[in-house]
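What the coordinates show
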Amino acid sequence: MNPLPSIGDRVRTDSTVAKLREPAFLLLSRIQDENPSDQVRALYLVAAVIAEAIGIDGHDALNSAQRMLSTAEGPHTVHVQAIRDYAQNELRHVD
């Protein structure tokens, strides 16, 4: 009997992006009242801690996320574009 794949294995191999759009938006939404530079640093800190805890390379995970962008921003999607708009219009101009 094969054991179930670990969360790290699923993070490295799962290719479904659509189900990530809304949770990504919700993460940012929860911290939007913090100082803009602290928001960015906090998101990276969370990602680094989680990557280490589940045994994946944080750099590889970030590279994978960057490759997901074109799929995540597909037609009829609003969450990733809202995150992009927020970053360009709010985070870049206020700190």
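I will try to describe carefully the structure that is included in this document. (Residues numbered from 1 in each chain as written. Predicted model: local features only at pLDDT ≥ 70, side-chain atom pairs only at ≥ 80, totals over all residues. Heavy atoms only, no water.)

Remarks on the overall build of the protein
Short version of the rule: Helix and strand assignments come from DSSP, with helices taken as H or I runs of at least 4 residues and strands as E runs of at least 2, each series counted from the N terminus. The rule is simple: take the accessible area with a 1.4 Å probe, protein chains only, and divide by the maximum for that residue type; under 20% is buried, over 50% is exposed, in between is partly exposed. Residue contacts are counted whenever heavy atoms from the two residues lie within 4.5 Å of one another. For the area figures, the Shrake-Rupley method with a 1.4 Å probe applies, and any residue is considered shielded solely by the protein chains shown. In this tally, Lys and Arg are treated as positive and Asp and Glu as negative; His is ignored, and so are the chain termini. Every charge is mapped onto a representative atom, which is NZ of Lys, CZ of Arg, CG of Asp or CD of Glu.
Scanning the protein from N- to C-terminus turns up five helices and zero strands. What you see in the protein, going N to C, is helices and strands ordered as α-α-α-α-α. Along the first, second and third principal axes, the C-alpha atoms of the protein reach 55 × 30 × 20 Å. Taken over 95 residues, the protein has a buried fraction of 15%. Put simply, of all contacts in the protein between residues at least 6 apart along the chain, 72% involve residues at least 24 apart. When the accessible surface of the protein is split by element, carbon and sulfur atoms take 56% of a total near 7,500 Å². The centroid of the 9 positive side-chain charges in the protein is displaced by 6 Å from the centroid of its 13 negative side-chain charges.

Structural notes on the environment of Val 46
Along the polypeptide, Val 46 turns up in helix α3 (residues 36-54). Here the alpha-carbon distance between Val 46 and Thr 71, two residues 25 residues apart in the chain, equals 23 Å.

Overview of helix α5 (residues 79-91)
An α-helical segment advances 3.6 residues per turn. Residues three or four places apart therefore align on the same side. For clarity, the cut-off: Arc definition: directions from the helix axis to the C-beta atoms.
Taken as a whole, α5 has its buried residues at Val 80, Tyr 86 and Leu 91. Viewed along the axis of α5, the buried residues span an arc of 120°, placing them on a single side of the element. In this structure, the buried side of α5 is in contact with α2 (21-31), α3 and α4 (58-72).

A look at the pattern of salt bridges
For clarity, the cut-off: Salt bridges are defined by distance alone: a side-chain nitrogen of Lys or Arg within 4 Å of a carboxyl oxygen of Asp or Glu.
Under the defined criterion, the tally for this structure stands at four salt bridges. Residue Arg 12 pairs with Asp 9 through a salt bridge whose shortest N-O separation is 2.8 Å. Remark: Asp 9 and Arg 12 occur in helix α1 (residues 7-13); sequence separation between them is three residues, near one turn of the helix. The salt bridge partner of Asp 38 is Arg 41, with a shortest N-O separation of 3.3 Å.

Treat this as a map of the structure, not an account of what it does.
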